[in-house]
Every structure is written in structure tokens, then in C-alpha cells.
Amino acid sequence: MPEIPQWASQALSGVYDPCCREKGISVVEMGLVRSVEVDAGRARVELLLTSGWCPFAARVLTEVRERIEEQPGIREAEVEVVWDEVWTTDRLSPRAARMLRFLPAPAQVPDKEDYIRRRELR
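Residues numbered from 1 in each chain as written. Predicted model: local features only at pLDDT ≥ 70, side-chain atom pairs only at ≥ 80, totals over all residues. Heavy atoms only, no water.

**Q** Would you explain the state of the cysteines in this entry?
**A** Cysteine pairs can be linked by a disulfide, which is a covalent bond between their two sulfur atoms. Scanning all chains against the criterion turns up zero disulfides. For Cys 20, which is in no disulfide, the shortest distance to another cysteine sulfur is to Cys 19 and amounts to 6.4 Å. (Disulfide = S-S within 2.5 Å.)

**Q** Sorry, what's going on with the sheet that holds strand 3 (residues 76-81) here?
**A** Two pairing modes exist for strands in a sheet, parallel and antiparallel, and in both the strands are linked by backbone hydrogen bonds. Reading across from one edge, 1-2-3 is the order of the three strands in this open sheet, with mixed pairing throughout. Each having just a single partner strand, strand 1 (33-39) and strand 3 make up the two edges of the open sheet. Sheet twist, expressed as the average angle between the axes of neighbouring strands with direction ignored, equals 15 degrees. Sheet topology note: the strand 2 (residues 42-47)/strand 3 ladder contains six bridges and is parallel. In the strand pairing of strand 3, Arg 44 is matched with Glu 78. Helix 3 (residues 57-69) contacts strand 2 and strand 3 of the sheet and is inclined by roughly 150 degrees relative to strand 3. (Pairing = 2+ DSSP bridges. Helix = DSSP H or I, 4+ residues; strand = E, 2+ residues; numbered from the N terminus. Axes fitted to C-alpha atoms, helices over the stretch in contact; angles between N-to-C directions. Contact = heavy atoms within 4.5 Å.)

**Q** How do you make sense of the environment of Glu 63 when you look at a structure like this?
**A** Assignment of secondary structure puts Glu 63 in helix 3. Along the backbone, Glu 63 and Tyr 16 are 47 residues apart, and their C-alpha atoms lie at a distance of 8.8 Å. Sequence-distant contacts of Glu 63, defined by excluding residues within four places in its chain, comprise Gly 14, Val 15 and Arg 21.

**Q** Explanation requested: the pairing of strand 1 in the structure shown.
**A** One face of the sheet, then the other: side chains in a regular strand alternate in exactly this way. Bridge analysis of strand 1 against strand 2 gives six bridges, and the strand direction is antiparallel. Residue pairing for strand 2: Val 33 is matched across the bridge by Leu 47. Counting the residues between successive antiparallel strands, the hairpin from strand 1 to strand 2 contains two residues, one of them, Ala 40, with a positive phi of roughly 55 degrees.

**Q** What exactly am I supposed to notice about the nonpolar core here?
**A** In summary, soluble globular proteins display a tendency toward joint burial of nonpolar side chains. Counting 31 residues, the largest nonpolar core has Met 30, Val 33, Val 45, Leu 47, Val 64 and Ile 68 as its most contacted members. Counting residues per element, the ones that place at least two in this core are helix 1 (6-12), helix 2 (27-30), strand 1, strand 2, helix 3 and strand 3. Here the element with the most residues in this core is helix 3; it accounts for five residues. Apart from residues no more than four positions distant in its own chain, Met 30 is found in contact with Cys 20, Ile 25, Thr 50, Trp 87, Arg 91, Leu 92 and Leu 100. (Core = buried A, V, L, I, M, F, W, Y, C linked by side-chain atoms within 4.5 Å. Buried < 20%, exposed > 50% of the residue type's maximum accessible area, 1.4 Å probe, protein only.)

Shown next, in the form of C-alpha cells:
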């Protein structure tokens, strides 16, 4: 994973995917910011989405652009969603991973017979 410049991480630490706002998990902690590059005052930000169906994507992209454009030395920012990489929970910061609870992988969920057998052994 490319390093995100410290100034960009700080600027985006207050931008939230609406699904995680109440938990206080920013787009940076979610691992949605793939890269930030600056050339002659023009910033280019690449974002991943947790889902291609995210109804809030436009709002998040706009807020990321606005926050980056507020930074010293940045006169313009372009924010793009990248589709050549899939977001996974591996991208979560340690703090975000602790705060979010995910179900186990399907292979780790016992089938009905296994569940009944385990209950009977108690």
C-alpha cells in the first residue's frame, strides 16, 4: 500500500463514509485512500469504495476534494474512484478493525448439523 502523505492523512481524518461516521472512523482509517500525489499545486487522490453500490460515493468524493483543496500549496484537486483494486477489511487501521465487528468467513461458520452436535456435547 502506498504511503499517504502526513498532511493528506491529517486533512482527510475528518472525512467519513456516512456508514462509519457514528463510530468516528475516517476514510483514512477505513483504508479508502489509496494514494495522494501532488504536482505543481495539483493534487490527485485515488479512493477505493467499500462497495460499488455505495449511495454516498459522490458525497465522499466531494468532501475529500474540498478538504485537499483547503491545504496550503494546493490549488486544485482531482479525486477518482479506482476500480482495479477491491477494498477488503485488510485495509482497515488497527483501531477501525477493533471498532468494527465482522462476521466470520463463511467457511468458519458451522453448518446446522455441526452446530447441533456441539450443543449436544455441552
